[in-house]
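An overview of the molecular structure
Residues per chain are reported as follows:
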Amino acid sequence: MVDYHAANNQSLYSAGEQQTYMEQENDWDRDLLLDPAWEKQQRKTFTAWCNSHLRKSGTQIENIEEDFRDGLKLMLLLEVISGERLPKPERGKMRVHKINNVNKALDFIASKGVKLVSIGAEEIVDGNAKMTLGMIWTIILRFAIQDISVEETSAKEGLLLWCQRKTAPYKNVNVQNFHISWKDGLAFNALIHRHRPELIDYDKLRKDDPVTNLNNAFEVAERYLDIPKMLDAEDIVGTLRPDEKAIMTYVSCFYHAFSGAQKAETAANRICKVLAVNQENEHLMEDYEKLASDLLEWIRRTIPWLENRAPEKTMTEMQQKLEDFRDYRRVHKPPKVQEKCQLEINFNTLQTKLRLSNRPAFMPSEGRMVSDINGAWHKLEGAEKGYEEWLLNEIRRLERLDHLAEKFRQKAAIHESWTDGKEAMLTQKDYETASLSEIKALLKKHEAFESDLAAHQDRVEQIAAIAQELNELDYYDSPSVNARCQKICEQWDALGSLTQNRRDSLERTEKQLESIDELYLEYAKRAAPFNNWMEGAMEDLQDMFIVHNIEEIQGLLTAHDQFKSTLPEANKEREAIQAIQAEVQKIAQYNGIKLAGNNPYTTITPQSIDKKWEKVQQLVPQRDQALQEELARQQSNDHLRRQFANQANMIGPWIQNKMEEIGRISIEMNGTLEDQLTHLRQYEQSIIEYKPNIDQLEGDHQLIQEALIFDNKYTAYTMEHLRVGWEQLLTTIARTINEIENQILTRDAKGISQEQLHEYRTSFNHFDKDHSGVLQAEEFKACLISLGYDVENNKQGDAEFARIMGIVDPNNSGAVTFQAFIDFMSRETTDTDTADQVIASFKILAGDKNYITAEELRRELPPDQAEYCIARMAPYTGPDAKPGALDYMSFSTALYGESDL
């Protein structure tokens, strides 16, 4: 049965209408109660109706005129159906106590606007059946029938109209009154079938079997609708005209039962809608958290790899590291760029849905905000840039090291070859048995050696300098270089000491010796520098070289041409030196002098000079070939630079132009949002179709890196700049499409017209003076003033503006986006579900209780949403709490972020 508290507290009619209706109903022919059949029907019906309410307080009546005589159960009945407290009853057994109790009940009825005609407390106390039934009928009229309203008709007429409307589609049913129209039982069955078709097979009912029809309806109502059986089928069929008041009482129970079910269904639908939105939002939140966690974990794993600066020993190993880095750029990073963009789109879509459903904004778990992800991404790109720079610097360093190491080995080999045997020569005692001329010759020879030694000083210093540079550049084989350099330096110091000792010995004996062959001396003096020149020329012709552009190789070619131009003059010097030796031979032969071996002043023989000269002649064309090959390589590199620059100089401006066009599209608002979305998606497709140009440029850039080209004077664009620009272009078009999609969501959810959106965009663009896509605080205030908001510079206006800014800029960034602007404008003009509405819906499902049970939730809601509520509702702890009671109030407020679950 349904309570009538709300009807008692807030009537649908004025006091005058109530009194008029009650007077009409009380003006009934009480003589009719003398009809035994009608009196029997009223006793059964009224008794069952009273018991349906008294059982809520754990009691009932057996005899309607006897059990109300002391007034106690009568007062209890009124408290149950009204939901109000009556004055405290008197517990005495005397007649005066009973009369006082009944009077309290009658006074309460009268306070509800009911005029009691000829009904006094003494008659009720005396057990007057006619008056008792009349009083109960008055109570039924006031609390069960009076507040029925259907299309501006009330009470009896309203109940009759409701029955007519509900049974109109059914054959053999024509409800015109509350007596004859109900005798065949079809009207009762039609009412049940209309609201609960699964309970009755209406097509099997026959109009000529009223007893079966009535019993079927009464039994179904008692079992499934909680409507007690108030009449027997025989009571209705057995009378010519059933009692109208009994039928009205019975039918009113059906009205209230189905009216409550409709409210429960509406409440359940509202809760299902709210829970469905909440479940979808929670799913989106879980997806965001997982995607953010995976992306951050990938960044966390990748950054240490990019920050690893452990150098390799060889160029091959460093080239492999560079190839691994290129693989990371081509294969591993692009999907993560897409994931990052999709993450931002999902976050914006979720926030829009939360705003549209009046839910609090989504706050990701600590460390997984979009700003955290952007920060981590920025750190990743910084590490990536630093790693690439380090790789290229390391390759340059290893290239330089290889060049220096080879140069060290060549110079060391030449020096070691020159020093071979010098210690033995400086320690020999040949001057002890030599003649004067021989001594003088030995002295001159030693002077020539000192000259040669001084000439080699520069090479030793170069060897030491190269070794020092290899150490500073952390050459992996520095120990062997240092050992060899140390040996050369120690040997050089020893040669210096030995040279000085031999000079001292020769000078001591110089006074005893004279006579020296001027020619030999001249030969030695001219042969030594020429020999050094040839050795230097051979060293230069075999020297390693490294260049990075055409200008440098052309400089080497020029220097080589200059060297070749000196060869004729050098050949003349060689011929002059050889002529000295020939003159010596000629004089000796002419004078019959027997030469004792080689020139005493030098170890440089004419044969060695010719041999070295022939070597120089061989090395010159080899050097020509090496320089020409390097020139060809540099020309190829220059072609690669021009090829990359031509592409980069087209792609760079193209990307910039597309960025500017996207900005104009998002501001100009040409056509509907769907037109703009279609245009942007077509624009996005055209950008994606441009990707082969980027891939071609990546291929050109790879060729440049493989050729170890580190600069390009033909373009200001680098591959890194173009990659960043391309990624920003893809992200910008995706974000712009997402903004339009969110605007469509907002428009559809809030019922905003295209004209309103256009007006919002026009106002927004008008005050966006710098076309930045956001309004600063002062720009936004001016926009609000133009729309009629009172936010002038005064105390009240400042407070209102601060409130609005708290809505559109919850993060206090000082700027308002267009999405936040239209969210605010749509919120100002539309309505959404609130926590109070959800609480009211749960209260209906709970039968007006302050708590709800799991059984009630499973009965009224779909299984998945019922279990969702049960899992999240806290136990109810109020004063009227019972085992299994759940707190739906705190659960409802938590759905809207007003408190914690």
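Residues numbered from 1 in each chain as written. Predicted model: local features only at pLDDT ≥ 70, side-chain atom pairs only at ≥ 80, totals over all residues. Heavy atoms only, no water.

**Section: the overall build of the chain**
Where we set the bar: Only DSSP runs of H or I reaching four residues or more are called helices, and only runs of E reaching two or more are called strands; each is numbered from the N terminus. Note on exposure labels: buried denotes an accessible area under 20% of the residue type's maximum, exposed denotes more than 50%, and partly exposed covers the range between, all computed with a 1.4 Å probe on protein chains only. The contact criterion used throughout is that any non-hydrogen atoms of two residues lie within 4.5 Å. Computed by Shrake-Rupley with a 1.4 Å probe, the accessible areas treat only the displayed protein chains as cover when residues are assessed.
Along the chain, the regular secondary structure elements total 33 helices and 7 strands. A total of 901 residues make up the chain; the buried ones form 46% of that total. If you take every contact in the chain between residues at least 6 apart in sequence, the share linking residues at least 24 apart comes to 75%. Counting every atom, the chain has about 45,000 Å² of accessible surface; 50% of that belongs to carbon and sulfur.

**A short note on the pattern of salt bridges**
Keep this limit in mind: In what follows, salt bridge is the name for a side-chain nitrogen of Lys or Arg lying within 4 Å of a carboxyl oxygen of Asp or Glu.
A complete count under the given rule lists 60 salt bridges for this structure. Ionic pairing is found between Glu 339 and Lys 336, a salt bridge with its closest N-O pair at 3.5 Å. Of the two residues, Glu 339 and Lys 336 are both situated in helix H14 (residues 315-356); the distance of 3 residues between them amounts to about one turn of the helix. Lys 336 gets classed as buried once you look at its relative accessible area, which sits at 16%.

**Some details on the packing of H14 against helix H15 (residues 370-419)**
Basically, it comes down to this: An axis is simply a line fitted to the C-alpha atoms; with a helix, the fit covers only the stretch in contact. Between two such axes, the angle follows the N-to-C directions and lies from 0 to 180 degrees. Throughout this description, any angle smaller than 35 degrees is read as roughly parallel, any larger than 145 degrees as roughly antiparallel, any in the 65 to 115 degree range as roughly perpendicular, and the remainder as oblique. Definitions for this section: a left-handed crossing has its near helix turned counterclockwise from the far helix by less than a right angle. A right-handed crossing has that turn clockwise. Residues are grouped as follows: Ala, Val, Leu, Ile, Met, Phe, Trp, Tyr, Cys and Pro are nonpolar; Asp, Glu, Lys and Arg are charged; all remaining types, including Gly, are polar.
Across the interface, H14 lies against H15 with an axial gap of 11 Å and an inter-helix angle of 165 degrees. Between H14 and H15, the interaxial angle falls into the category roughly antiparallel. The interaxial crossing formed by H14 with H15 has left-handed handedness. The residue makeup of the contact of H14 with H15, split by class, is 17 nonpolar, 2 polar and 12 charged.

**Some thoughts on H14**
Applied cut-off: For a helix, the expected span equals 1.5 Å multiplied by the number of residues minus one. Two axes enter the bend calculation: one fitted to the seven residues ending at the residue in question, the other to the seven starting there, and the bend is the angle between them.
With 42 residues, H14 extends 60 Å from end C-alpha to end C-alpha; this agrees with the ideal 62 Å at 1.5 Å per step. At Lys 333, H14 shows its strongest bend, of approximately 45 degrees, with the proline Pro 334 following within four residues. Among the residues trailing H14, Asn 358 stands out with phi positive, at a value near 65 degrees.

**With respect to the nonpolar core**
The test is simple: Definition used in this section: a nonpolar core is a set of buried Ala, Val, Leu, Ile, Met, Phe, Trp, Tyr and Cys residues joined via side-chain atoms within 4.5 Å.
By size, the foremost hydrophobic cluster in this structure holds 79 residues, and its most contacted members are Trp 49, Ile 139, Trp 182, Phe 188, Ile 192 and Phe 254. Ranked by residues supplied to this core, first place goes to helix H8 (residues 129-145) with 11 residues. Counting 49 residues, the second largest nonpolar core, distinct from the first, contains Ala 648, Tyr 690, Ile 804 and Val 808.

**Looking at the packing of aromatic side chains**
Rules: Stacked, tilted and edge-to-face are the three classes assigned to paired rings of Phe, Tyr and Trp, where Trp is represented by its six-membered ring and a pair needs centres within 6.5 Å; plane angles under 30 degrees give stacked, over 60 edge-to-face, the rest tilted. Only Lys NZ and Arg CZ are tested; either one counts as a charge over a ring when it is within 6 Å of the ring centre and within 35 degrees of the ring normal.
Tallied over the full model, the rule gives 31 aromatic pairs. Between the aromatic rings of Tyr 288 and Phe 362, the centroid separation amounts to 5.5 Å while the plane-to-plane angle is 85 degrees, which identifies the pairing as edge-to-face. Of this pair, Tyr 288 sits in helix H13 (residues 244-307) while Phe 362 sits in the loop between H14 and H15, and the two are 74 residues apart along the sequence. For the pair Tyr 288 and Phe 362, a shared accessibility class is recorded, and that class is buried. With centroids separated by 5.4 Å and ring planes inclined at 35 degrees, the aromatic side chains of Tyr 851 and Tyr 876 adopt a geometry described as tilted. Here the residue Tyr 851 occupies a position in the loop between helix H30 (835-845) and strand E5 (852-853), and Tyr 876 occupies one in the loop between strand E6 (874-875) and strand E7 (885-887), the gap between them amounting to 25 residues. You can call Tyr 851 buried: its relative accessible area is 7%. On the basis of relative accessibility, which here comes to 15%, the residue Tyr 876 falls in the buried class. The residue whose ring lies beneath Lys 422 is Trp 418, and the NZ or CZ to ring-centre distance is 4.8 Å. Above the ring of Tyr 851, the side-chain terminus of Lys 849 is found at 5.6 Å from the ring centroid.

**Describing the UniProt feature "coiled-coil region" (unreviewed entry) in the chain**
Definition in use: UniProt positions are given in the numbering used here, feature names are shortened, and annotations may be inferred rather than shown by experiment.
UniProt annotation of "coiled-coil region" (unreviewed entry) refers to residues 439-473 when read in the numbering used here. In the segment residues 439-473, helix accounts for 97% and strand for 0%; the C-alpha atoms at its two ends are 50 Å apart.

**As for the environment of Ile 687**
Looking at the secondary structure, you find Ile 687 in helix H23 (residues 673-689). On the accessibility criterion, Ile 687 (0% relative accessible area) is buried. Linking Ile 687 and Ile 733, residues 46 residues apart in sequence, is a C-alpha distance of 9.0 Å. Residues in contact with Ile 687, not counting those within four places in the same chain, are Trp 654, Ile 662, Trp 726, Leu 729, Leu 730 and Ile 733.

**Section: the side chain of Arg 723**
For Arg 723, the location among the structural elements is in helix H25 (residues 719-750). Assessed through its relative accessible area of 14%, Arg 723 is described here as buried. In contact with Arg 723, other than residues within four places in its own chain, are Arg 329, Glu 698 and His 701.

**Some words on the sheet that holds E6**
Condition: Pairing between strands is defined by DSSP: at least two bridges between them are needed.
In space, the 3 strands of this open sheet follow the order E5-E7-E6, with antiparallel pairing throughout. Each of the sheet's edge strands pairs with one partner strand only, and the pair in question is E5 and E6. Two elements, E6 and E7, share 2 bridges in a ladder whose sense is antiparallel. If you follow Ala 874 over to E7, its bridge partner there is Asp 887.

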